[in-house]
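# Understanding the architecture of this molecule
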Amino acid sequence: MKPPPFVYHAPSTIAEATALLHEAGEEGRVLAGGQSLIPLMNFRLARPGHLVDVTTVRALDYIRADDGQLRIGAAARQSAVERDQTAAARTPLLVEALHLVGHEPIRHRGTVVGSLAHADPSAEIPAVALAMGAELTAVGPRGERRIPASDFFTGPFSTALETGELLTEVSFPTWPPGTGHAFLEFARRHGDFAVAGAAALVHLEGEVVDRVAIALCGVAGTPVRATEAESRLLGERPTPAAIEAAAEAATSDLAPASDIHGSSAYRRQVARTYVRRALTLAVERARGGSR
Amino acid sequence: MMDRHRIALTVNGRPYEAEVESRRLLVDFLREDLGLKGAHIGCEHGVCGTCTVLMDGESIRSCITLAVQANGSSILTVEGLATDGRLHPLQEAFWDNQALQCGYCTPGMLLRAYELLREQPRPTAAQVREAIASNLCRCTGYQFIVEAVLDAATRLEAAAPSQGHEPAASRA
C-alpha cells in the first residue's frame, strides 16, 4: 500500500499556502499531521493531485491565550497542546479529550486543527469544539472568515470549508473559573475510535446550574450539541435525577448507525450512560473547585 | 508525474542527503533507500506500530509519514539503540526476559519503551501498558514485554548516569 503520485508543496507563509490551494482547486488537499489523510491515501481512498503542507508555515505553529480565548494554529501538534500549561489551565476539557485521541505517536504528528478539518463524526476534538463554542478561522481567495463550530460540521467528513480555503486557527473561549469539565468515551480498546463519547461543561451559581454545555461524538454524522438537555439543566440543581433526565433528553432523539461494534440502540444506550457520567463528573469538579 | 524533492536528515546520528519522490513513505525510505530494515512494515495505515521510529525524540508512525516531511529532522531507528556493538540495556532486558517471540513488533516496542523511560525513568506496570498500547504484538507476549521494560528501568537506574546508555543519535 503506497499513496498514488501527487505533488508535494511546502509553503512558508499563509499567503503562499492559500495561493497553492487556489491554484490546485479540486485537486488540492491540505496536509497537516497526515494521520488520517496518509492512511486514506495508502488505501487509495483519497487521490489528491497536490498536497499543501501547512506544518511548514512557521506562523501557524502556536498555542496562545489572549482575550479570553485559547488560540491554536493549524500547525500545532496535538501532543504540544496536551503538554501546554496554558491549555491545561484554560481549556482542560480539550486536554482531557486529547488524551483519548489515538495514541501518543499519533498525537505527536496529528494537529488539533487538522482533526477539525477532517471532521470524523466519532472524533473527540470536534465534539469539544462544539461544546465550548469554538470558532474556526478560514483563509481563502476571498479573504478571511470566521466560522462558529456550530456551523462548521455539515456531515460525515464534511465541513463548511470551500475549495481553496485553508483552516488557519481554532479559538476556544475560556469558560469562567470554577467550571467543571469532563470528557468520557467508550471505545473497544484505549486509543480506538469511540463507540460513543460525551463532553460536558458545568458552571454552578451556588447549587444551581447557571451555564452548561453537552456535546456527543460517535452518535450521528456530525458531532451533536445537546441543547435540549442543556436547557433542562439550566437553573436547576444538578441532582442525580436531573442529570439522568438530561442524559435521556440528550440521547432520546438520536439514531446512530449500527455497525460491527454495536446496534443503533446499543450506541444510544452507551451515549446516554456517558452523558450521565460526564455530567456527574463535571458537576463534581465544579463543586470541588480546582480538580 | 514524478515529483521529487531533495531532503537532508540525520538518521542514528549520521547525516544523509537524498532525493525522494513525494509519495515515498518514511518507512520505505529508511528500509529501501538507506537499507535500515529495523523499522518493520505491518498494517501500513498507522495502527500496528511496528514501523515506530523517533523523529526529533518523539515516537511517530513512519508508515504514515512522508520521507519529505522528515526533511531537516533527526531520526532514531532500532539500529541506533546499540552503541559500539553493545546492546542497549532495554535490548538486553528484552533478551533476558524473552520479551519477543517472532520479533516483528520488537523494533516498535523498543522505541516506545525507550521514549517512555526517557520521560518516566521509573514507570509503573500500568504506565508501561499504557505506553505500549499503541503497538500490537500478535504473539500476545505483552506480559513479558512489560516485565522487560520494568527490568530495563531498574538496569538504567543502576547504571551511573555519567556512563550513560544514550545512543549517539539522541545526544545531539
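Residues numbered from 1 in each chain as written. Chains lettered and ligands numbered in written order. Predicted model: local features only at pLDDT ≥ 70, side-chain atom pairs only at ≥ 80, totals over all residues.

## Examining the sheet that holds strand S1 (residues 7–9) of chain A
All names here are of chain A. Pairing in this open sheet of three strands is parallel, and the strands run S1-S3-S2 from one edge to the other. Two strands in the sheet have a free side with no partner beyond their single neighbour: S1 and strand S2 (28–31). Along the sheet, successive strands turn relative to each other by an average axial angle of 25°, direction set aside. Looking at chain direction, S1 and strand S3 (residues 50–53) are connected through three bridges and run parallel. (Pairing = 2+ DSSP bridges. Helix = DSSP H or I, 4+ residues; strand = E, 2+ residues; numbered from the N terminus. Axes fitted to C-alpha atoms, helices over the stretch in contact; angles between N-to-C directions.)

## Quick look at the environment of B:Arg122
Residues and elements named next belong to chain B. Within the element layout of this structure, Arg122 appears in the loop between helix H3 (106–119) and helix H4 (125–132). Overall, the presence of 11 C-beta atoms within 10 Å leaves Arg122 in the exposed class. When the C-alpha positions of Arg122 and Glu157 are compared, they lie 8.4 Å apart, and in sequence the two are 35 residues distant. For Arg122, the contacting residues outside a window of four places in its chain are Ala153 and Glu157. (Buried ≥ 20, exposed ≤ 12 C-beta atoms within 10 Å, placed from the backbone. Contact = placed C-beta atoms within 7 Å.)

## With respect to the interface of chain B and chain A
Many analyses report the size of an interface as the accessible area lost when the parts associate. The partner chain A presents 22 residues to the 21 residues of chain B that form the contact. In terms of residue count, the dominant contributor to the side of chain B that touches chain A is strand S4 (residues 58–61) of chain B (four residues). Across the side of chain B that touches chain A, the residue classes break down as six nonpolar, 10 polar and five charged. (Nonpolar A, V, L, I, M, F, W, Y, C, P; charged D, E, K, R; others polar.)

## Some words on the nonpolar core
Residues and elements named next belong to chain A. Counting residues in hydrophobic clusters, the biggest one holds 145 residues, and the most contacted among them are Val128, Ala131, Ala199, Ile214, Leu216, Ala278 and Leu279. Top element by residues in this core is helix H12 (residues 264–288). It accounts for 10 residues. Residues contacting Ala131, with those up to four places away along its chain left out, are Leu93, Ala199, Leu201, Ala213, Ile214, Ala215 and Arg225. (Core = buried A, V, L, I, M, F, W, Y, C linked by C-beta atoms within 7 Å.)

## Things to note about the pairing of strand S11 (residues 180–186) of chain A
Residue and element names in this part refer to chain A. Summarising burial for S11: six of the seven residues are buried, a large majority. The sheet contact formed by S11 and strand S12 (residues 196–205) spans seven bridges and is antiparallel. Within S12, the position partnered with His181 by the bridge is Leu201.

## Considerations on the domain arrangement of chain A
Segmentation of chain A into domains returns domain 1 (7–56), domain 2 (62–173) and domain 3 (181–288). Each of domain 1 of chain A and domain 3 of chain A was reduced to a C-alpha centroid, and the two centroids are 35 Å apart. (Domains from an automatic or database assignment.)

## A few points about the pairing of strand S1 (residues 4–11) of chain B
Residue and element names in this part refer to chain B. Bridge analysis of S1 against strand S2 (residues 14–21) gives eight bridges, and the strand direction is antiparallel. Note that in S2 the partner of Ile7 across the bridge is Ala18. The hairpin formed by S1 and S2 contains two residues between the paired strands, and Asn12 there has a positive phi angle of roughly 50°. With two bridges joining them, S1 and strand S5 (residues 74–76) adopt parallel strand pairing.

## Some words on the packing of H4(B) against helix H5 (residues 142–158) of chain B
All names here are of chain B. Here H4 crosses H5 at 115°, and the two axes come no closer than 10 Å. Remark: the crossing between H4 and H5 carries right-handed chirality. Residues Ala125, Val128, Arg129 and Ile132 of H4 touch H5, and the partners they reach there are Ile145, Val146, Val149 and Leu150. Of the residues belonging to the contact of H4 with H5, the class tally is seven nonpolar, no polar and one charged. (Left-handed = near helix turned anticlockwise from the far one by under 90°.)

## Description of the domain arrangement of chain B
Residues and elements named next belong to chain B. Taken as a whole, chain B is organised into domain 1 (4–80) and domain 2 (89–159). The C-alpha-based centres of domain 1 and domain 2 are spaced at 22 Å. Across the boundary between the two partners, domain 1 contributes 12 residues, which contact 11 residues of domain 2.

## Section: unusual backbone geometry
A positive phi is found at A:Arg44, a non-glycine position, where the angle reads about 60°. Within the fold, A:Arg44 resides in the loop between helix H2 (37–42) and S3. A positive phi angle, near 50°, is found at B:Asn12, a position not held by glycine. Relative to the helices and strands, B:Asn12 resides in the loop between S1 and S2.

## Things to note about the sheet that holds S2(B)
Residue and element names in this part refer to chain B. Taken in spatial order, the five strands make up an open sheet running S2-S1-S5-S3-S4, and their pairing is mixed. Edge strands, defined here as strands with exactly one partner in the open sheet, are S2 and S4. Sheet twist, expressed as the mean angle between neighbouring strand axes with direction ignored, is 40°. With four bridges joining them, strand S3 (residues 52–55) and S4 adopt antiparallel strand pairing. The residue of S4 that forms the bridge with Thr52 is Arg61.

## Quick word on the environment of B:Gly108
All names here are of chain B. Residue placement: Gly108 occurs in helix H3. As for Gly108 and Pro121, which are separated by 13 residues in sequence, their C-alpha atoms are 19 Å apart. Beyond its immediate chain neighbours, meaning those up to four positions away, Gly108 contacts Gly49, Thr50, Cys51, Thr52 and Asn135.

## Points about the environment of B:Arg129
Residues and elements named next belong to chain B. As for its position among the elements, Arg129 is in helix H4. Residue Arg129 is classed as partly exposed on the basis of its 16 C-beta neighbours within 10 Å. The sequence separation of Arg129 and Val146 amounts to 17 residues, and the corresponding C-alpha distance is 6.7 Å.

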